[in-house]
Amino acid sequence: MPTPSMEDYIEQIYMLIEAKGYARVSDIAEALQVHPSSVTKMVQKLDKDEYLNYEKYRGLILTPQGKKIGKRLVYRHELLEQFLELIGVDKENIYEDVEGIEHHLSWNSIDRIGDLVLYLENNPNRVEELKEIHKKNEQ
């Protein structure tokens, strides 16, 4: 299994490829706010561990395993953002909160949160009840 740091890179590479059709070291460095040399080292490790194929100066592509993990990581991130928004977390806190918790939850927990999000989406009155509780607690 990839480490949390590896997950961040795989997720970012997956998103860049989905959005632009490619992912360059400079794009990854900018997105993750790290030095290009750090990206190169991690990309080499991800290549060695068979999450991607990397050729210096030619670019990189995710392996089928890397794509599968990347897609799952993006799903996890988006699901947690959706969940926090549904339960009333202030929008300005959501991204940082997700970054702080996403690597610390099991996939079983992620799947149960997915079930809860689906339930809340299908029962909007429950979301309204949560908002009312939130308002009462703020008073």
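Just above, that's the structure.
Residues numbered from 1 in each chain as written. Predicted model: local features only at pLDDT ≥ 70, side-chain atom pairs only at ≥ 80, totals over all residues. Heavy atoms only, no water.

Participant: How should I be thinking about the pairing of strand β2 (residues 59–62) in this particular structure?
Facilitator: Every regular strand shows the same layout, with side chains that alternate between the two sheet faces. Burial along β2 is one-sided: the face carrying Leu60 and Leu62 is buried and the face carrying Gly59 and Ile61 is not. Bridge count for strand β1 (residues 52–55) against β2 is four bridges, and the pairing is antiparallel. The residue bridging Asn53 from the neighbouring strand is Ile61, located in β2. The antiparallel pairing of β1 with β2 creates a hairpin that spans three residues between the two strands, and Tyr57 there sits at a positive phi of about 70°. (Buried < 20%, exposed > 50% of the residue type's maximum accessible area, 1.4 Å probe, protein only. Helix = DSSP H or I, 4+ residues; strand = E, 2+ residues; numbered from the N terminus. Pairing = 2+ DSSP bridges.)

Participant: Explanation requested: helix α1 (residues 4–20) in the structure shown.
Facilitator: Compared with the 24 Å implied by 1.5 Å per residue over 17 residues, the 24 Å span of α1 between its first and last C-alpha is a close match. For α1, the complete set of buried residues consists of Met6, Glu7, Tyr9, Ile10, Glu11, Gln12, Ile13, Tyr14 and Leu16. Just past α1, the residue Gly21 takes up positive phi, approximately 90°. (Expected span 1.5 Å × (residues − 1).)

Participant: Explain the environment of Pro124 here, please?
Facilitator: Within the fold, Pro124 resides in helix α7 (residues 124–138). Residue Pro124 is classed as exposed on the basis of its relative accessible area, which comes to 52%. For Pro124 and Val43, which are 81 residues apart along the polypeptide, the C-alpha to C-alpha distance reads 43 Å.

Participant: What is the right way to read unusual backbone geometry from this model?
Facilitator: With the exception of glycine, the majority of residues adopt a negative phi angle, and the majority of peptide bonds are in the trans configuration. Here Gln33, not a glycine, exhibits a phi torsion of approximately 55°, which is positive. Inspection of the secondary structure assignment puts Gln33 in the loop between α2 (25–32) and α3 (36–48). Residue class for Gln33 comes out exposed when judged on its relative accessible area of 74%.

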